[in-house]
Every structure is written in structure tokens, then in C-alpha cells.
Amino acid sequence: MRGPMTGTGLVFHIQRFSIHDGPGIRTTVFLKGCVLECFWCHNPEGRHAYPEVRYFPERCIACGSCVSACPQSAHALKGGVHTFLRERCEGTGACVETCFAQALQTSGRLMTVAEVADEVDADREFYTSSGGGVTLSGGEPTLDSAFALAILQKCKERGLHTAIETCGECPWTSLESLLPATDLVMMDIKAMSGAIHRDATGRGNGRILANARRLALSDVPLVFRTPVVRGVNDSQEEIGLIASYIRELAALRQAAAGSRGLPREIRYELLRFHRLASDKYRSLGREYRADSIDPVPEGEMLGLLETARRAGIDARIPQ
Amino acid sequence: MSDDTAGRELTFTERIAMLRATKMRHTEEKWRVLGSMDMDDLPVILPPPESRKVVRIVSGSGLLMTDALFSGFTPKSNHPSGGIFGARACGENIRSLMELHPTYVDPVSSLAGAYIAHFISYRSPGWNPDFDYSHLQGEQEKYRLHHGIGAVQHFCQDMTIGFELGWGGILEKIRRFRDVNTDDEAQELYDGLEHMVLGFQNWIGRHGAAARTMAETEENAQRRRNLLEIAEINTRLVTDPPRTFREACQWMLWYQLAGKMYNMGGSLGRIDQFLYPFYRRDIGEGTLTDEEATFHLACHFVMDTSYTQLGGPDAAGRDTTNRLSFLMLEAAHMLKVPVNVGVSVGREVDPRLLSRSVEILFEDRTGIPKFLGVDRTSEGFARNGYPIALGRERAYSGCHWCAIPGREYTMNDCVKVNFAAVFDVALHEMMSGPGIVPGVEDLWSRFERHLRRSVEVVAESVDFHMDHMYRVFPELHLDLLCHGPIEKGRDASHGGVEFYNLCVDGAGLATVADSFAALEQRIGREGRLSWQELIRLIDGDWPGAGGEKARLMMKNIPRYGSGGSRADAYGLSIARAFTSIVRSRKTPHGFNMIPGIFSWAATIAMGKDVGATPNGRRAREPISHGPNPDPGFRRDAAPTALALAVASVQPGYGNTAPMQIEFDPGLSRSSEDMRKVADLIRTHFELGGTQINMNILDRKAVLEAHRDPATHPDLVVRVTGFSAYFASLSPEMRQVVVNRIIAED
Ligand code: SF4
């Protein structure tokens, strides 16, 4: 959702002092809209590329302001209790303006490149002292690659380190267009087996793996990541396959580097899934299918890490 | 040293664990008898039940508290009011308390001594009614000022004076100068000081004897040896200065305990510097190991949680971190009791000291240590017209404050202007005047005018204090180790020391900044309510169904701390106005005043003084904390945004506006993450920040302990400048701590 002429894009969150999205102290900008539907996604409010109304009933004081504000009559107040009829909601956000209790909130705000860059710039001194910078995340930042590129370029102009977090499911040209302004790419590989990938995310992984290969052939520092989810990809076999693929990519990069000197790093990270997003799903009126999934025990995570390392790659579990 | 280990020597680590358990037992007994206490962990031990009397008193920091008196001591009043006033009477009484004080020797500790009563709690009335300040009281009341009249201690001695002279030398010095300064004021002061020293000598000497008696019947060889050493050391220390590291720790402990006993004093300052010569010599001679030195320090800190600075610049700006700085950290780490250790983080900071500090902070989750922006405070101090070397000498020695050891009288943390109360006066004045058209600009100019007047009232009040304090409750204890009081025959509060830089703190910055911004937005720009409606809502404390909606409307605006908001701009304007008013002139008697922004634990008491405010705060709720934004100031609760806001409102004259910050322990488990936290600390100071109180709060534990303190009796939190057992806090103060963490949801 972007007006190409206006240079705006849909941002659903800006997190300052973000310390797990790349080196140093960073600001992570979350762009709204994603093509995968990973059922464990911990940013469900970033999935759709349009603004959405979120409702937090525990904050509601039943003042009734939203009832009169909504042109679609999506709010009702009966016997002092407010109900949100989400199916009627068209996301105008008129109710949000009137809800001082902040029980209604919009996810997704149109921002200009300059607005985003200014917010990012606020923490400049912290990036300088810590070797940090800006990370574009989502959602999927390549979905609105022109907006993403404009932010990255503006940040680079201001001398900041730039990173993106991508699921990799995008035309190569979108990803490629960002590389000149990107200092680090963090990309998910959720599964090697197409069937598992399709089951878990709604799409196959052919394009993702191909994009991973192209990235390996570029010169950008790379971190591949696997969110390890119980019953999806927590097997030695699956992680072993991913790790082998990454080793292959590292070898490719090594060979391609040849005359250019030392190849830039390729790392692998295993992220432990945590069941943290239930409130978010509730606020969006969506079902959280991962609600009954337990995190993979730490011991097993270490076993998987061992497997990845045995494949001969630089792997770790961050935090 | 329990019986099951009677057969072998206990390790230092085992002994520290036992000392910690003993302290926990004493602390739990105090909770049972005295209830909650929203202040520093006072390491006082309760008097035995048969000689214990529970009373309500005003603490050394002006806070109402419950205390236990030792009924073995009956004070002698010298005034019809029943009070005890002046150097002679105070000296006589403290001497008698020390002489009657039961001995305390724990065979596990390497140091003797504990104290069981606060002399200040026997002094009622605290102020001599002959010195009437009713002419000031009207306005003090009007602005709800913490005016400082009668405030005690809150400056720092120079411990090296005691280390050089010992009690014998100090006594001799007093007697020598008694013949030089023969005026009445000096003679009375010398009487008081002499009584105090004689009290010290009796108290210490009896511990030597007690330890020797205990040794006679002690069967455990390690304990017997320890007791005999204690006996020997304390027999010497009655007159002689300390020779070894252990003796220096013992000397320092006596001094500190007496300070607590006399007027709840407790500044330590740069302990890693003044103990270092003893440490180096003993290590050189092979009579001390690092492990043993850490143990002696732990034995001190378990009995005295006073404020200390580690590292920091010397006069030339070079970092002074030494081996002892690290051992101090380790002692606090092993003890895990509320020790108030501040780590200096200047340009030259030893990166290992900083990284070890952050590590301990995350591992222990006790809010220990805290961090000091020593470059900023020394540069700021120089802006008062002093050489920067003097600023560097200023030692961290209290909640949020520094003082030049032995040379500066400060009244730090004792004088507070409650911005919210001043704002309230301005708002009601505007709304009650006939024919006034209310507006935000008009309100601002009234606020500024009342702010100026409240600072003037403070200035007149501290002058009054300085005129009379020496005849009310002189600083006998600190005078002993200051440069000047003995030499001149003048109490430190009455010209005894070289420098007078009186602290004037503002409090409630965010409350008022957000109030201005809310009025400007909701009444001014959006026209959602009228001034008349607003005042009705405020005076009625947001009454009725519409009240809550209006309250939330006023509350949920871009707040101070969010960055670039109108409230941020107001925060800055308030800080600047306050700073320039305080700096614009000296007190009528010519004392320099230094502005800071800090509310201490008084954030609760000050809140009780003020009705509802336009930022959506309910009547009598706590005001905002120091220069901090209110919890919930940003949805991402970004520590960088907090650090920028707090750095932007620094008054900048050497006194602090500390940043209070809480982290979830889940934030950081790797050394890489801890480095980022260290980077945050350094950057805040580079941006102008002066002090950081950082908590790593385990939210589950805190929430459980809030429901039932007994579930986590040893949970330690950094409440504000001080750290304390969470369970010892009042339910209201616990709520303040809890709000800080739940607002981050
Ligand atoms: S406006 Fe907000 S608080 Fe009021 S009824 Fe609607 S959801 Fe509830």
C-alpha cells in the first residue's frame, strides 16, 4: 500500500532500542503486508497490506464514543457493554480517533520516507556508539520495495548501517533493487521440504531458495534464520537439510569471491519459537493456531544447533 | 560458624552467606515490628524486645517513619519544649547513648559493631521553637515546599582525616583548637565534639573487651582466633589510627555506624581510593589476599549500605579505577543486599569495570550497581565558577548526589520544589481571577512567576536554616572529619567548611509538562472541552461517567519522552525555567544554589499534596519520578527515547537529574546484548546525562512479591537513587515500582 508518487508507505510499528535485529542498538521499522501466512507469525498485525482496527476489550470503559463515530455501525453498546462487530469494519479508523481509552487502535499508518527517516535519526548517537543502525522488517519489506529502498537510501545518505529482514518470497528484482543500499540481509529459511513449507506458510519455497542462492552470489553479508517450531521443522533432518544448503551457498560465495578477496560472512541462526502473540491475535479477532504449541525445549535446540554446526557452517542461537 | 562445620575452617564465601542470612533475619524482624519503610535500607538492628519502644518520627530525609527506640537510654532535654538543642546537649546525649549501647560482636564477621537506635528519633521537637519561621510558613505551605529547615547531614566527610589521626589524634586536635578559638560558639562546639569522641572511644573499647571475653569460652579455633583479632584491633583503635586494611575497614565501620546513629548520615564516597594505600601495602607485605580484602569489604557492607563511588577521574581527569574498585563490586555481588555502589562512567572509564558492572546487574537483578556520569557532573560543577579539578573531587556519596569530601556543605536531596504543586497554584489562580480569559500562555507565565517565588521562599528558608542550625542540631559527627570545623570552631552548617553549594531540586517534571501539552491540545487546538469544564473535572477528581473519559482524553496525548512532542518541548521549557531561576541569584545571605531534578521516594508524599492534574493524573496519586517521563510514555517504551528525554532536561551545574530505567531480564542473556546496554549507558552520559539508576526487574517475581511480599523476602530493587528490599516498601511504593514494569506491556 503505497502511493508511488507520494513516497509514502504503510508502517505498523517503529521499535527503537531494538537489539535483536542486527548489530548494535537499532531502530526496526515494520512495514505492513506479507505474502506468507506462517501460522505461528508473532506479528500478525503486519500481515495484511491495509490498515486494520485492533480492539483491546480490557481497556474499554464503555463510553460509547465509537458507536456514533462509526459510519458502518460496527460498534454497539448494550447494557453498558461494548461489542465490536468486526465483519462490518472497513478500517476507516474513525472510531480510533474517538477512543481515548485506547481500546481501539489502528495498525498501519501511512508515513513518508522523511517521517520514517526522522524517527530513525532520533537515535543516531546510540547507533554511532554501538555500531547499530536501522533494520527494515515486517510484514515483508520487499513487498513495497520502492518505499523500502527510499528509506534505506535516505538512511545510508545519513551514514547509518542498514539491514533488512525478509522472508525471501518475492521477485528477485525486488530484493536485488534493495541491495545497493543494504549492509546486511537477514532472511528466513523455514523448511527445505516444499511440502512442509507449503503446509506451514501457504506457499512453496522454490523462489525463496533461489533467492537465497542469488543472495549468496552477491556480496552482501548474510544471516539465514530458521524459526524452530514444534512439529514443523524441529527435526534433525529438516535442520540438517537447511544447514547443508547454507553450506553449499557459502561454498558458492567462496568460489565467486575468488579474485575479489575474502568473501563476506554467511551465518545461520536458529530462533526458538515463543508463544507470545496471543494478545495480538485476539485484538485482531483472529485465531492463533500456534496457541497450543510449546516452545522447543532448550536441550533440543542445542541438539539442532549441533546438527547445523556439523554441516560445517557458522551457526548459533542468538540471545 | 555453625556447629556442623565446627571441625573445619569456613571459607570466606561461607562466612559471607552466613552474614547475609543474619542480615535477612534482622531485616525480617524489623518488618514485623516496624512495618514498611520507603527509604534506604537502614542496617539498624532492633533493640532487644525488653528495651524496645516503637515510635513515629521524621527521618533524616524528612520522611515520616516508624522507628524503635532503645529504652536503656533516656535523653536529657535542655529546653522547655522537651527538645535537645545545640552542640553541648547533642554531644552529651549521643555520648551517653554510645556508652549505654549494647555491644555487638558476630564471630563470623571480621569486623565488630552494629547499632540499634537513631538518636534523631529521640529528638522531639526536632526544631527549636525559639527560632520562629512562621513568616515563611504561609508560602512554604502554599507551594508545598520541602524547604530544608532542620535538614541534617547530606554532605560527605573526608575519611582520610580519621585514618591519619585516629580517635586519640582527633581528641588531641579538638583540645588544641579549644585554646585557639575561645568564643562561646566554638567552646560549645568543642564540648559537643569532645563528648562525641569520648562516646566513640568508650563504645569501641567495650567491643574490644567483649570480643576478648567471648574468645575465652569459644571452642571453635577459627572463631576464637577471629575474636582475639577483633579484640586486639578494637583495643588499639580506641586511640590509634588504623594500620592495616582490616583495621581501616573497622575504623570506617565505626564511623559510619555512628553517623547512622547520630543523624542517619551515611555517605562513604570514594572508598576504592581512600582504602587503596592500606590494600596496596598489605598485599605488598603478603598479609592480605584479594579474597580476604573482599571479605572485609563484605563485612562492612552488610552493616553499612552507604553510598560509594567506584572509579572516576583524579584531579587531572585520569581514570582512577584500581583493583579495589573491582573487589568492591565483587563484595556487593556476593552479598546481594542493598548496597549503594555507583560506578563512574566517564570518557576514560575502564571498559572492564563497566562490563563487569552490567554483568552483575543482569545476574543479580538487585539494581546494583548504579552508574555515574562523572564527566558531566564535574564539568557542570565547574560552571559554578570552580576549577574543574574540584568538580572531579566531588564524590558520589548519597542517593543522587556528590560532595567534595570534608570541604563542602550541600543540603543535598533535602530541598525540593514540587512543580506539580506550583502548577496547581498557577492554574487555580488563573481560573479564580475575575475577568481573566484563561489560556495556556497566561498559565505558563503564572507558572513561571510562582516557580520563581517558590525558589525565593526556598532561598529564604535555607538562609534561616543556615542561621540557626548549629544551635539546633549541629553536625557533630561529620564535623569531626571535615577540614575547618575544628580548626575554626564552627559547625559545618555555620561557616565551618570551605564551600557552600546548596541543592535545590525540582520534582514532577513530566506531570507538569504533560499537563501543559494536554491543555494546549485538548482545549486550545481541538476545543474538546472548556477551561471551566476542566477545572470542574480537576477539582472533582474526574467525577462521574464522563470524568473517566475526560481523564483518558487528557492522559492520552503525545507525552513527554515520546520525542519531538509538545510535551517534550514543555519538559525542556520547565527545566530551563527552573535552572535559570535557581541560577539567577544567590540566596539573600549569598549562598550558591545548584539546581537538580530529583524527587527521591518523596514522589509519593509530594503526590499526596496535589489534587488531580490535567495530564489525567488522579488526585493524590504520585507525581512523576525525577526527570523521568511517566510510565507508558511511548508504546515501545524505548530506552533510547527515555535516555534522550532525560539527557535533554539536565540543569547542568553539577547536580544530577538521574534517569531511572527498568529492563526485563529476558532482554539480555548474551555478552553482545550486555554490551549494547553498556553502550546505552555511555551514550546517555555523552548526551549530557548525569546518573543512571537501572533495574533488571524479574516481572514475575515483582508481581508475586507485590501481592505477597513474603514470597520474595530477599528481592532487592533500586527504588530510586537508593536500593532496598522490595518487601520493606509500602504498598504504594511497591505500586510505583510495579507501574514502571507493567506500563511496558
Ligand atoms: S470508544 Fe473505546 S472506550 Fe469507548 S466504548 Fe468504544 S471501544 Fe470502548
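Residues numbered from 1 in each chain as written. Chains lettered and ligands numbered in written order. Predicted model: local features only at pLDDT ≥ 70, side-chain atom pairs only at ≥ 80, totals over all residues. Heavy atoms only, no water.

## So, the environment of Gly 22 of chain A
Position of Gly 22 of chain A among the secondary structure elements: in the loop between β1 (8-18) and β2 (26-31). Each residue touching Gly 22 of chain A, except ones within four places of it in the same chain, is listed here: Leu 184 and Met 186 of chain A together with Lys 676 of chain B. (Helix = DSSP H or I, 4+ residues; strand = E, 2+ residues; numbered from the N terminus. Contact = heavy atoms within 4.5 Å.)

## Side note on the pairing of strand β7 (residues 395-398) of chain B
As a general feature of sheets, a regular strand has side chains that alternate between the two faces. Residues and elements named next belong to chain B. Bridge count between β7 and strand β8 (residues 401-403): three bridges; the pairing is antiparallel. For Ala 395, the partnering residue across the bridge sits in β8 and is Ala 403. In this antiparallel pair of consecutive strands, β7 and β8, the connection spans two residues. (Pairing = 2+ DSSP bridges.)

## Details of the confidence of the model for chain B
Averaged over all residues, the pLDDT of chain B equals 94, while 98% of them reach at least 70. What the predictor reports for the complex is a pTM of 0.94 with an ipTM of 0.92. (pLDDT = per-residue confidence, 0-100.)

## Quick notes on the sheet that holds strand β13 (residues 659-663) of chain B
Residues and elements named next belong to chain B. Strand order in the open sheet formed by six strands is β3-β4-β5-β6-β14-β13, and the pairing between neighbours is mixed. What marks the edges here is a single partner per strand, and that holds for β3 (267-269) and β13. On average, adjacent strands in this sheet sit at an angle of 20° to one another, irrespective of strand direction. Here three bridges tie strand β5 (residues 341-344) to strand β6 (residues 370-372), and the two strands are oriented parallel to one another. Across the sheet, the residue bridging to Val 343 is Phe 371, located in β6. (Axes fitted to C-alpha atoms, helices over the stretch in contact; angles between N-to-C directions.)

## Quick notes on the site of the ligand
Around the ligand sit Cys 60, Ile 61, Ala 62, Cys 63, Gly 64, Ser 65, Cys 66, His 82, Cys 99, Ala 101, Ala 103 and Leu 104 of chain A, and that is every residue in its neighbourhood. In terms of residue class, the shell around the ligand is built from nine nonpolar, three polar and no charged. (Near = heavy atom within 4 Å. Nonpolar A, V, L, I, M, F, W, Y, C, P; charged D, E, K, R; others polar.)

## Re the domain arrangement of chain A
Residue and element names in this part refer to chain A. Under the domain assignment used here, chain A contains domain 1 (8-49 + 111-316) and domain 2 (52-107). Between the C-alpha centres of domain 1 and domain 2 there is a distance of 34 Å. Tallying the contact residues gives nine residues for domain 1 and seven residues for domain 2. With both chains or domains summed, domain 1 and domain 2 bury close to 690 Å², and 44% of this area falls on carbon and sulfur atoms. Looking only at domain 1, the three residues that lose the most surface to domain 2 are Lys 32, Ser 283 and Leu 284, adding up to 61% of its buried area. Counting across the domain 1 and domain 2 interface gives two salt bridges. Across the pair Lys 32 and Glu 52 runs a salt bridge whose closest N-O atoms are separated by 2.5 Å. The tally of links between domain 1 and domain 2 comes to seven residue pairs in polar contact (both at pLDDT 80 or more). Among the residues making up the side of domain 1 that touches domain 2, the classes are represented as two nonpolar, three polar and four charged. (Domains from an automatic or database assignment. Buried area = accessible area lost by both parts, 1.4 Å probe. Salt bridge = Lys/Arg side-chain N within 4 Å of Asp/Glu carboxyl O. Polar contact = N/O pair within 3.5 Å; in protein donor to acceptor, adjacent residues only side chain to side chain.)

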